[in-house]
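Here is how the chains run, residue by residue.
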Amino acid sequence: MAAGNSLEKQIGCVKYTLFCFNVVAWMIATSLFALTVWLRAEPGFNEWLRILEAESFYIGVYILIAISIIMMAVAFLGCLSALMENTLALLVYICAQIFSFIIALSGSGVLLNYSTMHSSLQPLLLSSLNRFVSTSETRYSSYVLNMIQENIGCCGATGPWDYLDLHQPLPSSCRDAVSGNAFFNGCVDELTWFFEDKSSWIVALALTLAMLNIVCSVMSFILIQAVKKEEEEARAYRH
């Protein structure tokens with residue numbers, strides 16, 4: 001009898017801990033959804049990516065939007081299956097967690113591949129910015145370069161020499177408004193750091209959610225084993 005009470009207490013402890021972890025996971029998934037949707041809908045950021053032909057950045061964002069929606073539903077399922085102590089629902093929940101873990105890691109990897117130094121983003125930026133610099137005498141190219149250089153604090157694609165190599169004067173947007181000195185860093189690196197800063201919080205949330213997937217899966221498996229043991233003891237007691 002004492003062993004039965006001890007097992008019941010253990011089940012209750014695991015059950016309500018799993019419930020709390022799922023509430024936390026739901027909150028993180030909701031935050032991830034809000035941040036990714038904001039990043040996708042932010043008009044200024046969207047316009048820059050369109051102009052620079054670097055909209056591949058959004059592939060990882062789309063994946064993480066999808067996984068955040070899935071994880072909100074999975075967290076709700078986890079709460080219900082834990083409270084009901086239903087082994088079938090818990091097994092479905094574990095499978096959903098494993099799937100979510102894989103997709104969260106994939107989405108984070110894709111987003112990092114288009115938002116960090118030495119990633120697939122930089123060749124896209126280099127190609128677009130070199131094209132704008134080589135045609136900087138046109139009104140549109142001049143407008144785009146001035147907008148980026150003034151806002152980011154950079155010069156040319158890789159540095160001031162991009163203009164000097166083409167025997168073109170440095171535009172005023174290439175110079176610090178206070179000191180008058182030319183910005184040393186090119187816009188490829190500065191834009192990459194800018195995009196990396198935008199995506200770092202999103203990736204951190206996604207990886208935290210992936211870690212919770214593993215923790216919740218392990219706890220669900222423990223709960224399934226405990227529930228099965230309780231059912232076996234109940235059958236043995238009846239006989």
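These numbers come from a predicted model, not from an experiment. All residue numbers refer to position in the chain's written sequence, counted from 1. For this predicted model, a pLDDT threshold of at least 70 governs which residues receive local features, and a threshold of 80 or more governs which side-chain atom pairs are given and counted, while totals over whole chains, interfaces and linings are taken from all residues. Values shown for side chains rest on all heavy atoms present in the structure; no hydrogens or waters enter the calculation.

Can you walk me through the packing of aromatic side chains in this structure?
A ring pair, where both rings are aromatic, is described by two values, the distance of the centres and the angle of the planes. When the centres of two rings from Phe, Tyr and Trp lie within 6.5 Å, Trp using its six-membered ring, the rings pair. Their planes under 30 degrees apart give stacked, over 60 give edge-to-face, and anything left gives tilted. The tally for this structure, following the rule as stated, stands at ten aromatic pairs. Summarising the aromatic geometry, the rings of F45 and F57 are spaced 5.4 Å apart at their centres and angled 75° between planes, so their arrangement reads as edge-to-face. Here F57 lies in the loop between α2 (43-51) and α3 (58-84) and F45 lies in helix α2, a separation of twelve residues in the sequence. Both residues of the pair, F45 and F57, count as buried. With a centroid separation of 5.8 Å and an interplanar angle of 70°, the aromatic rings of F57 and Y58 are classed as edge-to-face. We call a residue buried when its accessible area falls under 20% of the maximum for its residue type, exposed when it is over 50%, and partly exposed in between, using a 1.4 Å probe and counting protein chains only. Taking the relative accessible area as the measure of exposure, F57 reaches 0% and is therefore buried. By relative accessible area, Y58 is classed as buried at 1%. An aromatic cluster is defined as three or more aromatic residues linked by ring pairs; in this entry it consists of F45, W48, F57, Y58, Y62, F194 and F195. Working rule: Lys NZ or Arg CZ, within 6 Å of ring centre, within 35 degrees of ring normal, means a charge sits over the ring. Here the basic side chain of R40 rests over the ring of Y58, its NZ or CZ set 4.3 Å away from the ring centre. To qualify as a helix, a DSSP run of H or I must reach at least 4 residues; to qualify as a strand, a run of E must reach at least 2; elements of each kind are numbered from the N terminus.

Got a minute to help me understand the pattern of salt bridges in this structure?
Where side chains of opposite charge bring their charged atoms close, a pairing between them can arise. Take a side-chain nitrogen of Lys or Arg and a carboxyl oxygen of Asp or Glu: if they are within 4 Å of each other, that pair is a salt bridge. Within the structure shown, the criterion is met by three salt bridges. Here K15 makes a salt bridge to E85, at a shortest N to O gap of 2.9 Å. Of this pair, K15 sits in helix α1 (residues 2-41) while E85 sits in the loop between α3 and α4 (87-113), and the two are 70 residues apart along the sequence. The class of K15 is buried, set by a relative accessible area of 10%. The exposure class assigned to E85 is partly exposed, which follows from its relative accessible area of 22%.

Please explain the side chain of S68 as it appears in this structure.
Looking at where S68 falls in the secondary structure, it is placed in helix α3. The class of S68 is buried, set by a relative accessible area of 0%. Within the structure, the side chain of S68 is placed 2.6 Å from the backbone oxygen of I65, a separation counted as a polar contact. Beyond its immediate stretch of four places on either side in the chain, S68 contacts A29, L32 and F33. Throughout this description, a polar contact denotes any pair of N or O atoms lying within 3.5 Å of each other; where both atoms belong to protein, one of them has to be capable of donating a hydrogen while the other can accept it, and for residues adjacent in sequence the pair is counted only when both atoms sit in side chains. For this analysis, residues touch if any pair of their heavy atoms sits within 4.5 Å.

Could you clarify how one ought to interpret the packing of α3 against α4 in this entry?
If you want to describe how two helices pack, look at the angle between their axes and the distance between the axes. To get an axis, a line is fitted to the C-alpha atoms, and for a helix only the part in contact is used. The angle between two axes follows their N-to-C directions and goes from 0 to 180 degrees. The contact between α3 and α4 brings their axes to 9 Å, and the two run at 160°. By the angle between their directions, the pair α3 and α4 is classed as roughly antiparallel. In this structure, α3 crosses over α4, and the sense of that crossing is left-handed. Throughout this entry, Asp, Glu, Lys and Arg are counted as charged residues, while Ala, Val, Leu, Ile, Met, Phe, Trp, Tyr, Cys and Pro are counted as nonpolar. The remaining residues, Gly among them, count as polar. When the residues that make up the contact of α3 with α4 are grouped by side-chain class, the tally is 20 nonpolar, seven polar and no charged. Orientation is classified from the angle alone, with under 35 degrees giving roughly parallel, over 145 giving roughly antiparallel, 65 to 115 giving roughly perpendicular, and any other angle giving oblique. Crossing handedness is read from the near helix: turned anticlockwise from the far helix by less than a right angle, it gives a left-handed crossing, and turned clockwise, a right-handed one.

Whenever I open this one, the state of the cysteines confuses me. Can you help?
Covalent bonding between the sulfur atoms of two cysteines is what defines a disulfide. Only a pair of cysteine sulfur atoms within 2.5 Å counts as a disulfide in this structure description. All chains considered together, the criterion is met by two disulfides. A sulfur-sulfur distance of 2.0 Å marks the disulfide that ties C154 to C187. Between C154 and C187, the S-S dihedral sits near 90°, and the bridge is therefore right-handed. Of this pair, C154 sits in the loop between α6 (139-152) and α7 (161-165) while C187 sits in helix α8 (residues 187-238), and the two are 33 residues apart along the sequence.

Just to check I follow, could you spell out the UniProt feature "transmembrane region" (unreviewed entry) in the protein for this structure?
When the UniProt feature table is mapped onto this chain, "transmembrane region" (unreviewed entry) is found at residues 16-39, 59-83, 90-114 and 201-224. The distance from the first to the last C-alpha atom of residues 59-83 is 37 Å, and the span holds 100% helix and 0% strand. UniProt positions are given in the numbering used here, feature names are shortened, and annotations may be inferred rather than shown by experiment.

Would you explain the packing of helix α5 (residues 121-134) against α6 in this entry?
Where α5 meets α6, the axes come as close as 8 Å, and the angle between the chain directions of the two elements is 125°. Taken together, the axis directions place α5 and α6 in an arrangement best described as oblique. As for how α5 packs across α6, the hand of that crossing is left-handed. Between α5, through L129, F132 and V133, and α6, the contact on the second element is made entirely by Y140, S141, V144, L145 and I148. Looking at the contact of α5 with α6 residue by residue, the classes come out as seven nonpolar, one polar and no charged.

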